[in-house]
Amino acid sequence: MRLITAVLLLFLVLLQYRLWFGKNSVPDYLALEEEVTRQLVNNNKLKQRNKLLYADTDDLKSGTEAIEERARHELGMIKQGETFFRVIPNDDDANKKERLR
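Cut-off values and rules
Counting from 1, residues in each chain are numbered in the order their sequence is written. Residue-level local features of this predicted model are given only where pLDDT is at least 70; pairs of side-chain atoms are given and counted only at 80 or more, and the full residue set underlies all totals for whole chains, interfaces and linings. Excluding hydrogens and water, the side-chain values take into account all heavy atoms of the structure. Secondary structure elements follow DSSP: runs of H or I of four or more residues count as helices, runs of E of two or more count as strands, with numbering from the N terminus. Atoms counted for the radius of gyration: C-alpha only. Globule rule: 2.2 Å times the number of residues to the power 0.38. Where accessible areas are quoted, they stem from the Shrake-Rupley method and a 1.4 Å probe; at the residue level, only the protein chains shown are allowed to cover. A residue counts as positive if it is Lys or Arg and as negative if it is Asp or Glu; His and the chain ends are not included. Working definition for charges: the position is that of NZ of Lys, CZ of Arg, CG of Asp or CD of Glu. pLDDT measures how confident the predictor is about each residue, on a scale from 0 to 100.

1. A word on the overall build of the protein chain
Across its full length, the protein chain holds four helices and zero strands. In the protein chain, the succession of α and β elements from N to C terminus is α-α-α-α. Relative to a compact globule of 101 residues, whose C-alpha radius of gyration would be 13 Å, the protein chain shows 32 Å and is clearly more extended. When the accessible surface of the protein chain is summed, it comes to about 10300 Å², and 59% of that surface belongs to carbon and sulfur atoms. Of the side-chain charges in the protein chain, 17 are positive and 16 negative, and the distance between the mean point of each set is 8 Å.

2. Topic: the confidence of the model for the protein chain
This prediction gives the protein chain a mean pLDDT of 84; 91% of its residues lie at or above 70. Mean pLDDT across the secondary structure elements of the protein chain bottoms out at helix H4 (residues 91-100), with 64, and peaks at helix H2 (residues 26-62), with 93.

Shown next as structure tokens:
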């Protein structure tokens, strides 16, 4: 009877060791669960970015306003007959802004 109890106790200890410290143990499971959560958050951010990019491409395909806006802001283009004014701050103005920060 004592031998059976000792063998069963030994099996219990071995199984507990494997559960807590072996391959695919509880800490491994918790680490993987945390990694999955981080990846889901990252995927959601990328999905939002993709939605914005799709909306931007649809806008560029369908209308001329988006193309004109891009040309103005990114390429610095102006329409024929328009006058472009560029305001360059003085060094004194830049120094004042730096001191205010």
